[in-house]
Amino acid sequence: MATKPNSAFSWTKSSYSGGNGACVEIAVPTTEAIAVRDSKDPDGPRLTFDTAAWSTFVAEVGAGSYDVA
């Protein structure tokens, strides 16, 4: 689901971001959703995930499920 580009959320970058500009940012617009955007294009598209889907994704990333060999 996409969120409106002009919505004013409090966006946060990961503490692991290296400052190279290739980051994603997240915001919590509601208690049931996590919004994600590309930090290089703050007015561009934003995706919204329900909290269960986001938690699953974060756990899988932490487990290395998406690592490129």
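Only a predicted model underlies this, so the values are computations on that prediction, with no experimental measurement involved. (Residues numbered from 1 in each chain as written. Predicted model: local features only at pLDDT ≥ 70, side-chain atom pairs only at ≥ 80, totals over all residues. Heavy atoms only, no water.)

Asker: Outline the side chain of Arg37, supporting the account with residue identities and numerical values.
Answerer: When you line up the elements, Arg37 lands in strand S3 (residues 33-38). A distance of 2.6 Å separates the side chain of Arg37 from the side chain of Glu25, its partner in a polar contact. One polar contact links the side chain of Arg37 to the main-chain carbonyl oxygen of Pro42, over a distance of 3.3 Å. Ignoring sequence-local partners within four residues, the contact set of Arg37 consists of Trp11, Cys23, Val24, Glu25, Pro42, Pro45 and Arg46. (Helix = DSSP H or I, 4+ residues; strand = E, 2+ residues; numbered from the N terminus. Polar contact = N/O pair within 3.5 Å; in protein donor to acceptor, adjacent residues only side chain to side chain. Contact = heavy atoms within 4.5 Å.)

Asker: So what about the sheet that holds strand S4 (residues 46-50)? Which residues, and what values?
Answerer: Taken together, four strands build an open sheet; the order of strands is S1-S2-S3-S4 and the sheet is antiparallel. Among the strands making up the open sheet, the edge pair consists of strand S1 (12-13) and S4. Where S1 lies against strand S2 (residues 24-30), two bridges are found, and the strand directions are antiparallel. Bridged to Thr12 within S2 is Ile26. (Pairing = 2+ DSSP bridges.)

Asker: Residue-level account of the pattern of salt bridges, with values.
Answerer: Once the charged atoms of two side chains with opposite charge are near each other, the side chains can pair. Going through the model one piece at a time under the given rule, you end up with two salt bridges. Measuring nitrogen to oxygen at the nearest pair gives 2.6 Å for the salt bridge that ties Glu25 to Arg37. Of this pair, Glu25 sits in strand S2 while Arg37 sits in strand S3, and the two are 12 residues apart along the sequence. Across the pair, exposure class does not vary: Glu25 and Arg37 are buried alike. Two residues, Asp38 and Lys40, come together in a salt bridge whose shortest N-O distance is 3.3 Å. Since its relative accessible area comes to 30%, Asp38 is described here as partly exposed. (Salt bridge = Lys/Arg side-chain N within 4 Å of Asp/Glu carboxyl O. Buried < 20%, exposed > 50% of the residue type's maximum accessible area, 1.4 Å probe, protein only.)

Asker: Can you tell me about the pairing of S3, naming the residues and giving the values?
Answerer: Summarising burial for S3: five of the six residues are buried, a large majority. Sheet topology note: the S2/S3 ladder contains five bridges and is antiparallel. Residue pairing across strands places Thr30 opposite Ala33, the latter belonging to S3. Remark: two residues form the turn of the hairpin made by S2 and S3, two consecutive strands paired antiparallel. Summarising the sheet, S3 and S4 pair through five bridges and their orientation is antiparallel. Its bridge partner lying in S4, Ala35 is registered against Thr48.

Any functional reading would require information that these geometric values do not contain.
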